[in-house]
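Now for the letters of each chain:
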Amino acid sequence: MYIQLSPEAVQTLKSVDRTSNSLAEMPRSIAEELLSSGLAYESRACGVINMTAAGRVWLNQAAA
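Residues numbered from 1 in each chain as written. Predicted model: local features only at pLDDT ≥ 70, side-chain atom pairs only at ≥ 80, totals over all residues. Heavy atoms only, no water.

K.L.:
So what's going on with the overall build of the protein? Residues and values would help.
P.N.:
When helices and strands are tallied, the protein shows three helices and two strands. Along the protein, helices (α) and strands (β) appear in the sequence α-α-β-β-α when read from the amino end. Taken as a whole, the protein presents about 4,200 Å² of accessible surface, with 54% of it coming from carbon and sulfur. (Helix = DSSP H or I, 4+ residues; strand = E, 2+ residues; numbered from the N terminus. Areas by Shrake-Rupley, 256 points an atom, 1.4 Å probe, with all protein chains shown as cover.)

Pasting the structure below:
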């Protein structure tokens, strides 16, 4: 199954991949797109968006 993401969400997912903890401001709509697809999760303690293992697999498949 392939998850379709908006171009903005793809760029954001790539930027989350480059930083271990994404503290960068991202529009909430993009964050919700990544969170709802299961490609990222939000830390409850500090609201940081991090990539899940599924997000890493998605990026690897998209790059192939």
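K.L.:
Talk me through the pattern of salt bridges; I want residue IDs and the actual numbers.
P.N.:
One pass over the full model with this rule turns up two salt bridges. Between glutamate 32 and arginine 28 there is a salt bridge, with the nearest N and O atoms lying 2.9 Å from each other. Of this pair, glutamate 32 and arginine 28 both sit in helix 2 (residues 28-37), four residues apart, roughly one helical turn. Judged by its relative accessible area of 43%, arginine 28 falls in the partly exposed class. (Salt bridge = Lys/Arg side-chain N within 4 Å of Asp/Glu carboxyl O. Buried < 20%, exposed > 50% of the residue type's maximum accessible area, 1.4 Å probe, protein only.)

K.L.:
Please provide a residue-by-residue account of the nonpolar core, values included.
P.N.:
Ranked by size, the top nonpolar core spans 15 residues in total, and within it Leu5, Leu13, Leu34 and Trp58 carry the most contacts. Counting residues per element, the ones that place at least two in this core are helix 1 (7-18), helix 2, strand 2 (49-51) and helix 3 (53-63). With four residues, helix 1 is the largest single contributor of residues to this core. (Core = buried A, V, L, I, M, F, W, Y, C linked by side-chain atoms within 4.5 Å.)

K.L.:
Give a description of the packing of helix 1 against helix 3 that names residues and reports values.
P.N.:
One way to put it is that helix 1 packs onto helix 3 with a least axis distance of 11 Å and a crossing angle of 115°. By the angle class used here, helix 1 and helix 3 are roughly perpendicular. Where helix 1 crosses over helix 3, the handedness of that crossing is left-handed. Residues Val10, Leu13, Lys14 and Asp17 of helix 1 pack against Gly55, Arg56, Trp58 and Leu59 of helix 3. (Axes fitted to C-alpha atoms, helices over the stretch in contact; angles between N-to-C directions. Parallel < 35°, antiparallel > 145°, perpendicular 65-115°, else oblique. Left-handed = near helix turned anticlockwise from the far one by under 90°. Contact = heavy atoms within 4.5 Å.)

K.L.:
So what about helix 3? Which residues, and what values?
P.N.:
Inspection of helix 3 places Gly55, Trp58 and Leu59 among the buried residues, and these make up the whole buried set. For helix 3, the buried positions fall inside an angular range of 95° around the axis, keeping them on one side. Exposed residues pointing more than 90 degrees away from the buried face of helix 3 are listed as Ala53 and Asn60. Buried residues belonging to helix 3 abut helix 1 and strand 2. (Arc of directions from axis to C-beta.)

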